[in-house]
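Residues per chain, in single letters:
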Amino acid sequence: GKLTMAILNLLHFPDERLHTVAKPVTDFGPELQRLIDDMAQTMYAAPGVGLAATQVDVHKQLFIADISEDNKGLLVFINPKITHRDGECELEEGCLSVPGVYDKVAGRAREVTVQALDRHGKPFSLTADGLLGLCIQHELDHLLGKVFVEYLSRLKQDRIAKKLKKNQRKAM
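Here the structure is a predicted model, which means the values were calculated and not measured.

Summed over the entire model, instances satisfying the criterion amount to seven salt bridges. Here aspartate 86 ties to arginine 110 by a salt bridge, and the two come within 3.7 Å at their closest N and O atoms. With aspartate 86 in strand β3 (residues 75-86) and arginine 110 in the loop between β5 (98-104) and β6 (111-117), the pair connects residues that are 24 residues apart, well separated along the chain. For arginine 110, a relative accessible area of 37% translates into the label partly exposed. Here glutamate 93 and arginine 108 are joined by a salt bridge, their closest N and O atoms 2.8 Å apart. Here glutamate 93, found in strand β4 (residues 92-95), pairs with arginine 108, found in the loop between β5 and β6; they are 15 residues apart in sequence, far enough to count as distant. A relative accessible area of 5% means that arginine 108 is categorised as buried.

Moving on: the pairing of β4. Alternating positions in β4 separate cleanly, Glu93 and Cys95 being buried on one face and Glu92 and Gly94 remaining unburied on the opposite face. With three bridges connecting them, β4 and β5 associate as antiparallel partners. When the bridges of β5 are listed, cysteine 95 appears paired with valine 98. As consecutive antiparallel partners, β4 and β5 are separated by two residues.

Spatial ordering of the open sheet is given by β1-β2-β3-β6-β7, a layout of five strands whose pairing is antiparallel. The sheet is open, and its two borders are formed by β1 (50-52) and β7 (123-129), each paired with just one other strand. In this sheet, adjacent strand axes meet at a mean angle of 40° when their direction is disregarded. In the packing of helix α1 (residues 30-45) onto the sheet, contacts are made with β1, β2 (62-65) and β3, and the angle to β2 comes to roughly 40°.

Turning next to the nonpolar core. Within the largest apolar cluster, 16 residues are counted, with the highest numbers of intra-cluster contacts made by Ile36, Met39, Leu51, Leu62, Ile64 and Ile78. Contributions of two or more residues to this core are made by α1, β2 and β3. With six residues, α1 is the single largest residue contributor to this core. The residues contacting isoleucine 36, other than those within four sequence positions of it, are Leu62, Ile64, Val76, Ile78 and Arg119. Among the nonpolar cores identified, the runner-up in size contains 15 residues, and Phe77, Val112, Cys135 and Leu143 belong to it.

On to the packing of aromatic side chains, then. Evaluated as defined, the whole model comprises two aromatic pairs. When the ring of phenylalanine 63 is compared with that of phenylalanine 77, the centres are 4.6 Å apart and the planes differ by 15°; the resulting orientation is stacked. On the criterion of sequence distance, the pair formed by phenylalanine 63 in strand β2 and phenylalanine 77 in strand β3 is long-range, its members being 14 residues apart. Of the residues examined, phenylalanine 63 reaches a relative accessible area of 0% and is grouped as buried. For the pair phenylalanine 77 and phenylalanine 124, a centre-to-centre distance of 5.6 Å together with 50° between the ring planes defines the contact as tilted. With a gap of 47 residues between them, phenylalanine 77 in strand β3 and phenylalanine 124 in strand β7 connect regions that are remote in the sequence.

Further remarks concern helix α2 (residues 130-143). Helical geometry: 3.6 residues make up each α-helical turn, so side chains three or four residues apart lie on a common side. Taking 1.5 Å of rise per residue, 14 residues should cover 20 Å, and α2 covers 21 Å from first to last C-alpha, within 8% of that figure. Of all the 14 residues making up α2, 12 are buried; the element is thus mostly covered by neighbouring parts of the structure. What α2 keeps buried is the set Leu132, Gly133, Leu134, Cys135, Ile136, Gln137, His138, Glu139, Leu140, Asp141, His142 and Leu143. Residues of α2 that are buried in the fold lie against β1, β2, β3, β4, β6 and β7. Looking one or two places after α2, you find glycine 145, whose phi comes out positive at around 85°.

Cut-offs and rules
Residues numbered from 1 in each chain as written. Predicted model: local features only at pLDDT ≥ 70, side-chain atom pairs only at ≥ 80, totals over all residues. Heavy atoms only, no water. Salt bridge = Lys/Arg side-chain N within 4 Å of Asp/Glu carboxyl O. Helix = DSSP H or I, 4+ residues; strand = E, 2+ residues; numbered from the N terminus. Buried < 20%, exposed > 50% of the residue type's maximum accessible area, 1.4 Å probe, protein only. Pairing = 2+ DSSP bridges. Axes fitted to C-alpha atoms, helices over the stretch in contact; angles between N-to-C directions. Contact = heavy atoms within 4.5 Å. Core = buried A, V, L, I, M, F, W, Y, C linked by side-chain atoms within 4.5 Å. Phe/Tyr/Trp six-rings, centres within 6.5 Å; stacked < 30°, edge-to-face > 60°. Expected span 1.5 Å × (residues − 1).

Structure, rendered in structure tokens:
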């Protein structure tokens, strides 16, 4: 029968597991393919424009992004590296692991070039600006164990952590 896709459990800041540094992907078999499909399902359901494997507690160098209006533009980035950065921009960022919190991060590049492998292990290179460029930088941070709110002031971080912990208790 048809494989059913699953909505995965998202880790929420300040969960320590979000600080795990991801390991390179070496196996492009069915397990990875299922993970990518499940991550896509999870991201679209949220809804979000990007999701890193770290956020679903899988510590592999993999993230996905889709900034299209119709969820038909899924991009898969495996073992990604930013090879070029240009300019600077500050756009409001949000994160599925930090629900309801939006803030600007200083020092993001306006345009990035990323080298990665697609879901079948084929190498590609992509230059992106705007939302996609931001998304790539944001998701890549997750793979390095960094959540965007950690760029903000200590005071803001503490406030956000408190708020999210309270919401989590309410949701239980």
